[in-house]
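Now for the letters of each chain:
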2 protein chains.
Amino acid sequence: MAISSLPCIQPVDTLLDSIKWDDKGLAVAIAQNVDTGAILMQGFVNRDALATTITSRKATFFSRSRATLWTKGETSNNFINIYDIFVDCDRDSIIYLGKPDGPTCHTGSETCYFTSIGDLFKEQEVEETNLALTTLYSLEATISKRELELAGKHGKPSWTKRLLLDENLLCSKIREEADELCRTLEEKEDSSCTASEMADVIYHAMVLLRRKDVKIENVLEVLRRRFSQSGIEEKQSRASTES
Amino acid sequence: MAISSLPCIQPVDTLLDSIKWDDKGLAVAIAQNVDTGAILMQGFVNRDALATTITSRKATFFSRSRATLWTKGETSNNFINIYDIFVDCDRDSIIYLGKPDGPTCHTGSETCYFTSIGDLFKEQEVEETNLALTTLYSLEATISKRELELAGKHGKPSWTKRLLLDENLLCSKIREEADELCRTLEEKEDSSCTASEMADVIYHAMVLLRRKDVKIENVLEVLRRRFSQSGIEEKQSRASTES
C-alpha cells in the first residue's frame, strides 16, 4: 500500500482531517511574532498550504484571488520561520507562531496592521510606523519618540527625556528600582507594590536599552534561546565568558 | 436631512465603507490582549458587528452559523473591552486590541488557542493550559512549572528552583544583574551585552514575581495605566505615597 511505504504521510493527513475547513476548503491563519506577540499578517490556508507550512517551517498561505499557494517571503526573502502552530477550540483558526526575517508587510512595514480606526475617523494620513502595539512595545515606541523630540528641542519636558540625557541619573534609578523590587519580597510588602516596582524596573531599564540601541525584541530572543535548556546547564555553558 | 441631525453617523459609515468586505459581507476580526499580546479568539464581523464594537467598546462579532451578532461576554460576562482597533493594509482583516474581563474561550481557557499541532501529531490529550505563548509568557509558564515540581520533589535540579527556594540568593542576583546592566552603559560595552544583561534582569525579576504571585500581565497593566500621562506628572501624582 502507498500509505505503508510513506509512513510519515498518515499523521499529517489525520491532522489535516481534524481541521474544520470551510465551504471553500479554507481556514484562517494568523502569523504572530513568537518573541513580541505582534500580529504580523493574516491570510487563509487550505490543506496544501498548512501541510507545506508544517514540512517547510515557512509560513505558507492560499491566495484566494490568485487561487495558488504562496509562501510569505518567496519574493521578498522576508520569510516567517515557524516556531510552533496552534489551532483554536473550533479547529477552524490557526496561529503560525514564528520569527520573521524582516518586515512582513508588502509596504515594508513590520506588520500589516498600521491603520488605526481612530486615524480613519479623523481622516488622518495613515503612517506605516503607527503599528498596532501591545503595552511593552507601545512603551518602547514612546521612549523612542521622546528621544527624537530631544533632537528637535520641542515637546514637553518629561522624565524619560531627563533619563535619556543623564546617564548617572538613569543608572542610579535602575539600581534603586531593582533594590526596591527586592525589598517588596524581603520586607513582605503587598503584591501590588511588587507589580509597581517591577514596572519601574522595566521602564527605567528600557530607557537604558534605548540609549544602547537595543530593542526589547532582541532581549526576548536571548531569553527564548536560553530557556530551552535548563538554567544550570546554561550557566555552565556561559561560565567561561562571564565574570 | 437625517444626516445633519445625526452628525456622528457619517464618519462611521465612511469608515465602514473603507473595509473590503468579502462576498458574504464579512471580514476577519482577531481579538488580542493589549497587555500580553495573546491572541484571545478569532471571529468574523459584518458592518453591524464592527459598528457595534466601535460604539459599545465591547468586542462584537457576526456568528456565521447562527447568522446573528454576538458580543463576547453577553452570556459569560467575560467581555473584551476594546482599547483600540486596527485594520490591515488590505482593509479586510481587523485587530480588536482589548482587555478581557476573564477567560475568553467557552471552555474556560484564557484563549481559544490551546491545541498545538505537535500535540495533534502525537495524538496526545490536549491540555487547556498549554496555550500558544510568546516568549515572555512561555518563560513565566516555565517558572511556574518549576515551582510546581518543587512540591512534587521530582524533576531535574534547575537554577530556577534554587532561586525559588533561596530568597537571599534571588535578591542578590537581581541587584547584581541590575548593576551589570548599568555597567554595559557606563563602561560602553557592546549592545549584545546589554541585551544579555537585560535578559538576566527580566528572568531573575520574574522569579521574584512568581514568589510574590504577581503575573507579568499585572505589571504591564501598571505600565499601560502609567504612561498615558507624562512621567513627570505621574511622579508628582505618586510623590506623596513614595519613599
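Every chain begins its residue count from 1, and numbering advances along the sequence as written. As they are written, the chains are lettered A onward and the ligands numbered 1 onward, keeping that order. For this predicted model, a pLDDT threshold of at least 70 governs which residues receive local features, and a threshold of 80 or more governs which side-chain atom pairs are given and counted, while totals over whole chains, interfaces and linings are taken from all residues. Only hydrogens and water are removed before side-chain values are computed, so all heavy atoms of the structure are retained for them.

By the naming in an unreviewed UniProt entry, chain A is Phosphoribosyl-AMP cyclohydrolase domain-containing protein, taken from Gossypium raimondii.

Asks: Help me understand the relation of the copies chain B and chain A, please; the structure alone is not making it clear to me.
Replies: Superposition of the two copies of the chain requires a rotation about an axis together with a shift along that axis. When the copies are superposed, the least-squares fit takes in the C-alpha atoms of residues with a pLDDT of at least 70 in both. Its rotation angle being 180°, the transformation that places chain B on chain A also includes 0.0 Å of axial translation and leaves an RMSD of 0.0 Å. The two molecules are tied by a two-fold rotation axis, judged by turn and shift. Taking C-alpha positions as the reference, the residue of chain B nearest the rotation axis is B:Gly37, at 2.5 Å. Residue by residue, 99% of the interface of chain B is reproduced at the interface of chain A, so both copies engage with the same surface. Should any heavy atoms of two residues lie within 4.5 Å, those residues are counted as being in contact.

Asks: What's the story with the packing of helix H8 (residues 191-211) of chain A against helix H8 (residues 191-211) of chain B in this structure? I'm lost.
Replies: When two helices pack together, you describe them by how their axes are tilted relative to each other and by the distance separating the axes. Here an axis means a line fitted to C-alpha atoms, over the contact stretch when the element is a helix, while the angle between two N-to-C directions is reported on a 0 to 180 degree scale. The numbering of helices and of strands both runs from the N terminus, where a helix is a DSSP run of H or I of at least 4 residues and a strand a run of E of at least 2. Interaxial distance between H8(A) and H8(B) falls to 11 Å at its minimum, and their mutual angle equals 175°. Comparing their axes, H8(B) and H8(A) come out roughly antiparallel. For the pair formed by H8(A) and H8(B), the contact residues are A:Thr194, A:Met198, A:Val201, A:Ala205, A:Met206, A:Leu208 and A:Leu209 on the first element and B:Thr194, B:Met198, B:Val201, B:Ala205, B:Met206, B:Leu208 and B:Leu209 on the second. Residues belonging to the contact of H8(A) with H8(B) are distributed by class as follows: 12 nonpolar, two polar and no charged. For classification purposes, an angle smaller than 35 degrees is called roughly parallel, one larger than 145 roughly antiparallel, one from 65 to 115 roughly perpendicular, and anything else oblique. Each residue gets one label: Ala, Val, Leu, Ile, Met, Phe, Trp, Tyr, Cys and Pro are nonpolar, Asp, Glu, Lys and Arg are charged, and the others, such as Gly, are polar.

Asks: It is not clear to me how empty space enclosed by the protein should be interpreted in this structure. Could you clarify?
Replies: Over the atoms rolls a probe the size of a water molecule, and its path tells where empty space is left. Grid points spaced at 1 Å over the protein atoms alone were grouped into cavities, where a 1.4 Å probe fits but cannot get out, and pockets, open sets with protein on both sides within 12 Å along at least five of seven lines, with lining residues defined by an atom within 4 Å of a point. Grid points are joined across faces, edges and corners, and a volume is the space filled by probe spheres set on the points. Applying the stated criterion across every chain, the model contains three cavities of 30 Å³ or more. Approximately 70 Å³ is the volume attributed to the largest cavity. For the largest cavity, the lining is made up of 14 residues, of which A:Thr36, A:Tyr137, B:Thr36, B:Leu136 and B:Tyr137 are closest to its centre. Within the residue set of the lining of the largest cavity, elements represented by two or more residues are helix H5 (135-152) of chain A together with helix H5 (135-152) of chain B. Grouping the amino acids of the lining of the largest cavity by side-chain chemistry returns five nonpolar, seven polar and two charged.

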